[in-house]
Amino acid sequence: MKISVCLERISIVTALLVFWFVSIAHAEMASVYGGRDGYCGSRTANGERVNCSAMTAAHRRLPFGTRVHVCHGRCVTVRINDRGPWVRGRDIDLTPAADRAIGLGGTGPVTISRL
């Protein structure tokens, strides 16, 4: 009797932890902008200049100034300061510095969690 109650509680806690993790972190498709495409130094949607050595990113829906944790093998925290990407199927554009920090190498799946 006591074992079944204990197992039930463990399964409930596990389910809540999984739900919490899934609601916070989710997979998205990332790409890089600001390198060879000529965007370094151009104006972002919030008026800043694209700094290719900064840990910033572009996202369609997140408010400017939002900090997100982006992981692809390694993790980095970036600040949203631009809108985009404007390519279908992509969710976030990273600066070349953020791309190098996580080892993405151009375009690929990342896990994003809002801080």
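Criteria and cut-off values
Residues numbered from 1 in each chain as written. Predicted model: local features only at pLDDT ≥ 70, side-chain atom pairs only at ≥ 80, totals over all residues. Heavy atoms only, no water. Helix = DSSP H or I, 4+ residues; strand = E, 2+ residues; numbered from the N terminus. Polar contact = N/O pair within 3.5 Å; in protein donor to acceptor, adjacent residues only side chain to side chain. Contact = heavy atoms within 4.5 Å. Buried < 20%, exposed > 50% of the residue type's maximum accessible area, 1.4 Å probe, protein only.

(A) Spotlight on the side chain of S31. One can find S31 in strand β1 (residues 25-32). Here D93 takes part through its side chain, which lies 2.3 Å from a polar atom of the side chain of S31. Setting aside residues no more than four positions away along its own chain, S31 makes contact with P85, R90, I92, D93, L94, G106 and T107.

(B) Highlighting the environment of E28. Positionally, E28 belongs in strand β1. On the basis of relative accessible area, E28 is assigned to the buried category, the value being 8%. Between the alpha carbons of E28 and V110 there is a distance of 5.5 Å; along the sequence they are 82 residues apart. With near-sequence residues (within four places) excluded, E28 lies in contact with H59, D91, G108, P109, V110 and I112. Of note is the side chain of E28, whose polar atom sits 3.5 Å from the side chain of H59.

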